[in-house]
Amino acid sequence: MMLIAKRGAEPAARIRRHVALSAAITALGGLLFGYDTGVVSGALLFVKKDFGGLSEFRQELVTSLLLVGAVVGALTAGRVADRIGRRPTTAITAAVFVVGVLLAALTPTYPVLLVARIVIGLAVGSASMVVPLYIGEVVPPRVRGGLVSLNQLAITAGILVSYLIDYGLSSTGNWRLMFGLAAIPAIALFIGMIFQAESPHWLIRQGRDDEARTVLRRVRDSGDIEEEIREVREVSERQAGVRELVSRSVRPLLAVGVLLAVFQQITGINTVIYYAPSLLQGAGFGNSAALLANVVNGAVNVGMTIVAVWLLDRVGRRPLLLSGTAGMAVGMTITALSFLGGSHLTGALAIVAVIGLLIYTGSFAIGLGPVFWLLIAEIYPLKIRGAAMSVATMANWGANFIVTISFLTLLSAVGGVGAFFLFGFLTLVALGYFWRKVPETKGRSLQQIERDLVHV
Ligand code: BGC
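Predicted, not measured: the structure shown is a model, and the values here were computed from it. (Residues numbered from 1 in each chain as written. Predicted model: local features only at pLDDT ≥ 70, side-chain atom pairs only at ≥ 80, totals over all residues. Heavy atoms only, no water.)

### Let's talk about the overall build of the protein
Reasoning step 1: Summing up its helical and strand segments, the protein has 20 helices and 2 strands in all.
Reasoning step 2: The C-alpha atoms of the protein give 22 Å as radius of gyration, which agrees with the globular expectation for 456 residues (23 Å, within 12%).
Reasoning step 3: Seen through its C-alpha atoms, the protein measures out along the principal axes to roughly 65 × 45 × 45 Å.
Reasoning step 4: For the protein, the residues scored as buried account for 57% of the 456 residues in total.
Reasoning step 5: For the protein, the share of sequence-separated contacts (at least 6 apart) that also reach a separation of at least 24 residues comes to 83%. (Helix = DSSP H or I, 4+ residues; strand = E, 2+ residues; numbered from the N terminus. Rg over C-alpha atoms; globule rule 2.2 N^0.38 Å. Buried < 20%, exposed > 50% of the residue type's maximum accessible area, 1.4 Å probe, protein only. Contact = heavy atoms within 4.5 Å.)

### Focus on the nonpolar core
Reasoning step 1: Grouped together as the largest cluster of nonpolar side chains are 136 residues, with contacts concentrated most on F97, L147, F179, L260, Y380, W397 and F434.
Reasoning step 2: The contact partners of W397, leaving out residues within four places of it in the chain, are F33, T37, L67, A70, V71, A74, V124, G125, S128 and W373. (Core = buried A, V, L, I, M, F, W, Y, C linked by side-chain atoms within 4.5 Å.)

### Section: the confidence of the model for the protein
Reasoning step 1: For the protein, the mean per-residue pLDDT works out to 90, and 95% of the residues sit at or above 70.
Reasoning step 2: Note that residues 1-12 has pLDDT below 50 and, in this model, 25 contacts with residues that lie over four places away or in other chains. (pLDDT = per-residue confidence, 0-100.)

### Overview of the site of the ligand
Reasoning step 1: Not every one of the 13 residues close to the ligand is listed here, only the nearest: Q152, Q264, N270, N301 and W373.
Reasoning step 2: Between the ligand and N301, the relevant distance is 3.0 Å, taken from an oxygen atom to a side-chain nitrogen or oxygen of the residue.
Reasoning step 3: Within the side chain of W373, one N or O atom sits 3.0 Å away from an oxygen atom of the ligand.
Reasoning step 4: Look at the ligand: alone it shows 320 Å² of surface, and the protein chains cover 99% of it.
Reasoning step 5: When residues of the shell around the ligand are traced back to their parent elements, those giving at least two are α7 (150-169), α13 (251-266), α18 (368-378) and α19 (385-437).
Reasoning step 6: Here the shell around the ligand is composed, by residue class, of 4 nonpolar, 9 polar and no charged. (Near = heavy atom within 4 Å. Polar contact = N/O pair within 3.5 Å; in protein donor to acceptor, adjacent residues only side chain to side chain. Areas by Shrake-Rupley, 256 points an atom, 1.4 Å probe, with all protein chains shown as cover. Nonpolar A, V, L, I, M, F, W, Y, C, P; charged D, E, K, R; others polar.)

### A few points about the pattern of salt bridges
Note on pairing: side chains with opposite charge can pair once their charged atoms come close.
Reasoning step 1: The full count for this structure, using the stated rule, is 16 salt bridges.
Reasoning step 2: We note a salt bridge from D452 to R444, for which the minimum N-O separation is 2.4 Å.
Reasoning step 3: By sharing partners, the salt bridges in this structure join E227, R230, E231, E234 and R451 into a single network. (Salt bridge = Lys/Arg side-chain N within 4 Å of Asp/Glu carboxyl O.)

### A look at the environment of G30
Reasoning step 1: On the secondary structure map, G30 appears in helix α2 (residues 28-50).
Reasoning step 2: With a relative accessible area of 0%, G30 lands in the buried category.
Reasoning step 3: Ignoring anything within four residues of it in the chain, the contact list for G30 reads N151, A154 and I155.

### Considering helix α3 (residues 56-84)
Helical geometry note: an α-helix holds 3.6 residues per turn, so side chains three or four residues apart project in the same direction.
Reasoning step 1: A rise of 1.5 Å per residue sets the reference length of α3, with its 29 residues, at 42 Å; its end C-alpha atoms lie 41 Å apart and thus fit the reference within 8%.
Reasoning step 2: When the local axis directions of α3 are compared, the greatest deviation, roughly 35°, occurs at T63. (Expected span 1.5 Å × (residues − 1). Bend = angle between axes of the 7 residues up to and from the residue.)

### Section: the packing of aromatic side chains
Reasoning step 1: By the definition in use, this model includes 12 aromatic pairs.
Reasoning step 2: Ring geometry for F51 against W175: centres 5.8 Å apart, planes inclined by 55°, an arrangement best described as tilted. Placement of the pair is F51 in the loop between α2 and α3 and W175 in helix α8 (residues 175-180), with a sequence separation of 124 residues.
Reasoning step 3: Taking relative accessible area as the criterion, W175 reaches 1% and is therefore assigned buried.
Reasoning step 4: On the basis of an interplanar angle of 40° and a centroid distance of 6.0 Å, the ring pair of F263 and Y433 is categorised as tilted. Here Y433 lies in helix α19 and F263 lies in helix α13, a separation of 170 residues in the sequence. Y433 carries the same exposure label as F263, and that label is buried.
Reasoning step 5: Taken together, F33, F372, W373 and W397 form an aromatic cluster joined through their ring pairs. (Phe/Tyr/Trp six-rings, centres within 6.5 Å; stacked < 30°, edge-to-face > 60°.)

### As for the packing of α2 against α3
Reasoning step 1: Running from N to C, α2 and α3 point in directions that differ by 160°, and their axes come no closer than 10 Å. Between α2 and α3, the interaxial angle falls into the category roughly antiparallel. The two elements α2 and α3 meet at a crossing, and its hand is right-handed. The residues of α3 that touch α2, namely those facing D36, T37, V40, L44 and K48, are Q59, V62, T63 and L66. (Axes fitted to C-alpha atoms, helices over the stretch in contact; angles between N-to-C directions. Parallel < 35°, antiparallel > 145°, perpendicular 65-115°, else oblique. Left-handed = near helix turned anticlockwise from the far one by under 90°.)

### As for the side chain of T156
Reasoning step 1: With respect to the helices, strands and loops of the structure, T156 is situated in helix α7.
Reasoning step 2: Residue T156 is classed as buried on the basis of its relative accessible area of 2%.
Reasoning step 3: The residues touching T156, leaving out its near neighbours within four places in the chain, are N301, V302 and T305.

Next up, the structure:
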C-alpha cells in the first residue's frame, strides 16, 4: 500500500507503508529521549521526599548524570553502528532503555537511582544518533527531511507526555511510575526492531548486495534500485576509514556538525525546556499558572515541529533553519525586555515574557531543533557516517550538560535580563554562521550529497 504525500508543484511522492512504519517505529527512540529528559523535573519533587530530603546538588546529579551517560552513549553508538549494523545497535539501545527505566522505577536507594540515570543516559545518547542515522538511510531522498524529523517530533511529544504524566501523577506522588512508564515504548522499540530490516546502505558497504536489494525492493520504486546500489558502492569505496574523520575533505563538515550541535544548546533551549516552571514561579507566577504555561510551551514545541516535518522537503533545510534561528533571537529579546523592570513580573509584562518564550520555542521547533539532527544524518560520507554523527552528537550532549549545570548560577549572577540577552546574542552569532556555512541538502540522495560535499 502507498501513502500519498502531496508536494506542491512537484509530482506526488509516494511513501510506502513499510517506509513510514520503519520511520515511526524507530522514532520511538526519540520518544524515549524526550520522555526521559523531560520526566525528571516533576519526579524530583517526590524523589526528594522519599529519600529524606535531597540537597540541591544531589537533585542536580539525578538530572545531569543522564546527560553524562548520553555523551558516553553517543561516543560508543556510532562505532558500534558502523561495525555491527544500525538495526542491532537500535535493538541493544532499546534493551538498555528497558534495564535503565526499570532500575530507576524499582531502585531501593539513591545511589542506585544515580546508576539508573546513567544507564538511561547511555541509551538516550545512543538513540539520539542511531535513530536519525537509520531512518536517513532507509527512506527515499524526496521525503527524507520529514521522515528523519519524525525523530524530533517524537522527542517533543515525549517531553510533552512526560509533563502531562508528571502532572497527572502528582496527586499520588508516584515517581516510580513516572520513571517506569517509559518501559512501554522501550519494549515496543525492541520488539519493533526485531521485525525491521537492516539499513540497505550499511548492507551494501558490507558487500551484502543481495540482502540490500531485498530491502530496497520493500522501500523504493523498482527503477531506482540498481542505480542506488551502484552509487552507494562507489561512494563507500572512496574513503580510507575512520582516519578520514580528520582528513582535509571531511574536517569542514565535522565543524558544521559540531557547531550546529553547540549552537543548538548554547542558544538556551534546555534552560526553557528544563527550567521554565521554576523561572516563571520565580517571576511571581502561581504554581498552576507556571505549569500551565509550561504545558502550552511543550504543545507549541510539538505543533511547530509538525509544521517543520511538513515543510522540510518542500522549502528545504536552510530557509527553515535561518528563519527559525532569527525567530529565536526575536523571542529571546522579547523575554529579556520583559525582565527590564525587575525580576518580578506582573500583568502585561508576565504575558509578554510568556509570549517571548513561546516565540522562541516555536522558532526552535521549526528550525534548529529538527535541522541539526537531520543534517548530521545527511552530510557525512557513508563509510564514517556513524563515527562522524557520534562526534556531533557528543558535542550536543556535552554542551547541553554545561549549559544545564551552569544556568542557575548564570541566572543569579546576571539576572533574567542578562541571561536572556546573552542567549539572544549567541543566537545572532549562530545565525551568521548558519548563513555562511550550512549546506542545503533537500531532494538529493545521500550519495549525491556526498559527491557534492566531500572532495577527495
Ligand atoms: C534537542 C534537545 C531539546 C529538544 C527540545 C532537541 O533537538 O537536542 O536538547 O531538549 O530538541 O525539543
